[in-house]
Amino acid sequence: MALKKYVAKLNDYYERLEQGKAHKFDPSHVAKVKQKLLAKEDQLINEIADADKPEKIERLQGKLAIARTQIERADWLLEAITGDDTPPEA
Amino acid sequence: MIKKLILITILGLLLAGFWASPEFQEIAAGVAIFLFGMLMLEDGFKLFSGGILEKMLTGATRSVPRSMAFGVVSTTLMQSSSLVSVITISFLSAGLISLIGGVGIIFGTNIGTTTGAWLVAGFGLKVNISAFAMPMLAVGIVLVFQSSKYLRGIGYVLAGLGFLFLGIHYMKEGFDAFKDQFDMARFAMTGWRGLIIYTLIGMAATVVMQSSHATLVLIITALAAGQVSYENALALAIGANIGTTVTAVIAAFSANYQGKRLALAHFIFNVSTAVVALVFIAQIRDLVDWISNGVGIAPDDFSLKLAVFHTVFNVIGVGIMLPWLHRLITLLERVIKTPMPDVSQPKYLSEAVDGFPETIENALHKEVKHLQNNAIELIAHGLNLHRQALYESQDIADTVKRSQATLDIDIGARYDLRVKTLYAAIIDFSTRAGGKDLPPAIMTRIYNLRDSATRIVEAVKAIKHMRRNATAFTRVDKGKSTEIYNGLRTEIARILVEIHKLDDAAPGSQSALWLDEERIQVGRDKANTAKMIESLIRNGEIDPIAATSFLNDSTYAYLAMESLIEAGRIYYVEAETAIAEVEHILTIEDDEQDEIAAEHKTDIKPAHTAPDQ
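For clarity, every value in this text was computed on a predicted model and none was experimentally measured. (Residues numbered from 1 in each chain as written. Chains lettered and ligands numbered in written order. Predicted model: local features only at pLDDT ≥ 70, side-chain atom pairs only at ≥ 80, totals over all residues.)

K.L.:
So what's going on with the overall build of chain B? Which residues, and what values?
P.N.:
A count of helical and extended segments in chain B gives 27 helices and 0 strands. A burial count over chain B gives 48% of its 613 residues as buried. Contacts in chain B between residues at least 24 apart in sequence constitute 80% of all its contacts with a sequence separation of at least 6. (Helix = DSSP H or I, 4+ residues; strand = E, 2+ residues; numbered from the N terminus. Buried ≥ 20, exposed ≤ 12 C-beta atoms within 10 Å, placed from the backbone. Contact = placed C-beta atoms within 7 Å.)

Have a look at this one:
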């Protein structure tokens, strides 16, 4: 389901782009966003390493999972706009 | 009252002049057409704003020489030092350029404005200028009716220039005819008396017409017709230089303290230059004669020599003031002190920033941040928390648990003073911005900022509602009830800390995506609240009354959390729209959380390495 939503958003972007209602982005834009997400990932890893309470570790791991999902999607997006235009199967 | 009296006096003098002399009508009409042309030029250049002008201005003020060069070039192109001064004051008030950059521009405008005299003396008087004016007017007016903003802008500029030329033509014709009827040269005065009186006349004429260009054109055309002596024309030009600062001073009334400083700098510079020119007028005249000989200007071409004089004394003025620039800045900062911030009043929204899309957006962005700061303070205090303690804490839950003391605040009064006032100003400002013809992308960001402000206020109001119970259940330990209320306080505190981290991050490194994590956590906890309470009631860990209070307050708490996150998401969205599109695609939705939890391992080693850039 998560993938479906991502694919739906990407298709919506392409439709809006065709209608002139979206701002076109290129790989450098995706790379910039990915850099920010990687910085967040590093921050969370350091926080987990410093944490001692199990609840805090669990919460931070949940956040890390989200950050990694976003990074993964950034990679998919890069593939979609640089080489293979076919989005991953939903 | 005084303004009305001045207006009546001016109209009276005009009518008297028209009655006394038809040639005076032609001169007055020439001046009016010239001024109308300047207004059209101003409107034309404003249509180019929303990108080009602002990018040039913010880039051009990185150093004093660049600022000065910008002042020279922009004033030459726009033929209006007043317009450039007003733009500079707006940008300075909005915090887009520095004071020293602004002063550099003002120095440059004083040199750039002298090109007007060259245009008239070197071209306007020597050719049939109306022959150029007619086609410019015709083409310009056609373009003015186009739908494209840039074509309309070009139209206004062309038509404006056409009216300028036409105005010069009528002034020239008027003075030529006038000299046959009435010899104004009879009123020529020599010596210091003449210098002072004609300087004052030049100053007064510029104040009335609000244009040093118009005054210079009048002087040059009168000089060419022999209606004023060369010596008196020089004094008039010096007076015009002082009078032009009045426009900047008037613009500064609606500006913040930085704008006022710039207007004062303009006044100091022009008056100092005028004093130097008056004291050394004989020497400067000799210098002008020497330069004129050198470049081949005829000894009796007083119009061109006036243009040389105008340029020379302004360049001398810049040359004298430049080494004292930093001391001037210090003086300005001492005379017009930075006001103590009153957190309850808007700091960035003023009439001075109203004129240009970039200043409007920038000012609104800063004011929403101001509102956010006030709101976060009130939210923290409303929950009996201290922000600094939260930001420095290694264990937020523990910090919240130990924050039991009730902070003695009247949250309602503080909301009215520090949140509602700013919110009202933001709504007013953004609504008025909606009535201007702003570029769509900027308008979207303005409405988004307004929405961010609305969400911030929602968050504060939600905390107002829950403060009483949150305080009652946490100031002493009441077992499970205290624990669950502290849970809510902790969640809200974590969001405040995340927003603080976004603020603290290096510019350009923040991303609204960082708030996805908090948003998903809030969604998860909100969904589990009812089940959690049911379990506590069944186990006898809380009584039903406390449970209903908590359920009610948790609604407010989650509203506050969601509003804060949404406000932050809007506020920290990338200004660069292409990156904002990327962030939108990568945003995780609330209902994707379980799948994500199942997909990802909790291995703390990095899953990705940094890509090669």
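K.L.:
Account for the overall build of chain A, naming residues and giving values.
P.N.:
Counting secondary structure elements, chain A contains 3 helices and 0 strands. Going from the N terminus to the C terminus, chain A shows its helices and strands as α-α-α. For chain A, the residues scored as buried account for 29% of the 90 residues in total.

K.L.:
Describe the environment of B:Gly319, listing the residues and the values that go with them.
P.N.:
Looking at the element boundaries, B:Gly319 is found in helix α16 (residues 302-321). As for B:Gly319 and B:Thr273, which are separated by 46 residues in sequence, their C-alpha atoms are 9.9 Å apart.

K.L.:
Describe the environment of B:Ala248, listing the residues and the values that go with them.
P.N.:
Residues and elements named next belong to chain B. Structurally, Ala-248 is set in helix α13 (residues 245-252). By C-beta crowding, Ala-248 is classed as buried, having 26 other C-beta atoms within 10 Å. Taking C-alpha positions, Ala-248 is 9.5 Å from Ser-81, a pair spaced 167 residues apart along the chain. Setting aside chain neighbours within four positions, we find Ala-248 in contact with Ser-85, Ile-89, Ala-263 and His-266.

K.L.:
An account of the interface of chain A and chain B is requested, with residue identities and associated values reported.
P.N.:
If you look at the interface, chain A gives 40 residues, while chain B gives 32 residues. Looking at the side of chain A that touches chain B, the elements that each hand over two or more residues are α1 (2-18), α2 (27-50) and α3 (54-82) of chain A. At 16 residues, α2(A) tops the list of elements feeding residues into the side of chain A that touches chain B. Across the side of chain A that touches chain B, the residue classes break down as 21 nonpolar, 6 polar and 13 charged. (Nonpolar A, V, L, I, M, F, W, Y, C, P; charged D, E, K, R; others polar.)

K.L.:
Just give me the short version of the packing of helix α14 (residues 257-279) of chain B against helix α17 (residues 325-335) of chain B, but keep the residues and values in it.
P.N.:
All names here are of chain B. It is the contact of α14 with α17, at a shortest axis distance of 10 Å, that shows an interaxial angle of 125°. Classified by the angle between their axes, α14 and α17 sit oblique to one another. The two elements α14 and α17 cross, and the hand of that crossing is right-handed. For the pair α14 and α17, the contacting residues are Arg-261, Leu-264, Ala-265 and Ile-268 in the first and Leu-328, Leu-332 and Val-335 in the second. Its residues assigned to classes, the contact of α14 with α17 shows 6 nonpolar, no polar and 1 charged. (Axes fitted to C-alpha atoms, helices over the stretch in contact; angles between N-to-C directions. Parallel < 35°, antiparallel > 145°, perpendicular 65-115°, else oblique. Left-handed = near helix turned anticlockwise from the far one by under 90°.)

K.L.:
Quick rundown of the nonpolar core? Include the residues and the values.
P.N.:
Residues and elements named next belong to chain B. If you look at the biggest cluster of nonpolar residues, it comprises 186 residues, and the most contacted ones within it are Ile-219, Leu-306 and Ile-379. At 13 residues, helix α9 (residues 149-181) tops the list of elements feeding residues into this core. No fewer than three residues from each of domain 1 (26-335) and domain 2 (351-598) sit in this core. Residues contacting Leu-306, with those up to four places away along its chain left out, are Ala-117, Ala-121, Ile-219, Ile-220, Leu-223, Ala-233, Leu-234 and Ala-237. (Core = buried A, V, L, I, M, F, W, Y, C linked by C-beta atoms within 7 Å. Domains from an automatic or database assignment.)

K.L.:
Explain the packing of helix α5 (residues 81-93) of chain B against helix α6 (residues 99-112) of chain B to me, and be specific about the residues and the numbers.
P.N.:
Residue and element names in this part refer to chain B. For the pair α5 and α6, interaxial distance at closest approach is 10 Å and the crossing angle is 175°. Taken together, the axis directions place α5 and α6 in an arrangement best described as roughly antiparallel. Residue-level inspection shows Ser-81, Val-84, Ser-85, Thr-88 and Leu-92 of α5 in contact with α6, the latter providing Leu-99, Gly-102, Ile-105, Ile-106, Thr-109, Asn-110 and Gly-112. Of the residues belonging to the contact of α5 with α6, the class tally is 5 nonpolar, 7 polar and no charged.

K.L.:
Explain α6(B) to me, and be specific about the residues and the numbers.
P.N.:
Here α6(B) is 14 residues long and its end C-alpha atoms lie 20 Å apart, about the 20 Å a rise of 1.5 Å per residue gives. Of all the residues in α6(B), the buried ones are B:Gly101, B:Gly102, B:Val103, B:Gly104, B:Ile105, B:Ile106, B:Phe107, B:Gly108, B:Thr109, B:Asn110, B:Ile111 and B:Gly112. (Expected span 1.5 Å × (residues − 1).)

K.L.:
Give me the lowdown on the environment of B:Gly194, citing residues and values where you can.
P.N.:
Structurally, the position occupied by B:Gly194 is in helix α10 (residues 191-209). Considering only alpha carbons, one finds B:Gly194 and B:Glu231, 37 residues apart in sequence, at a separation of 8.4 Å.

K.L.:
I'd like a description of the confidence of the model for chain A, backed by residues and values.
P.N.:
Residue and element names in this part refer to chain A. On average, chain A scores 84 in pLDDT, and the residues at 70 or more come to 90%. Summarising per-element confidence for chain A, the mean pLDDT is lowest in α1 (82) and highest in α2 (91). Across residues 85-90, confidence stays below pLDDT 50; counting only partners more than four residues off in sequence or on other chains, it has 9 contacts. (pLDDT = per-residue confidence, 0-100.)

K.L.:
Give a description of the confidence of the model for chain B that names residues and reports values.
P.N.:
The pLDDT averaged across chain B works out to 84; a share of 91% of its residues lies at or above 70. At the level of chain-chain contacts, confidence expressed as ipTM amounts to 0.87, with global pTM at 0.65.

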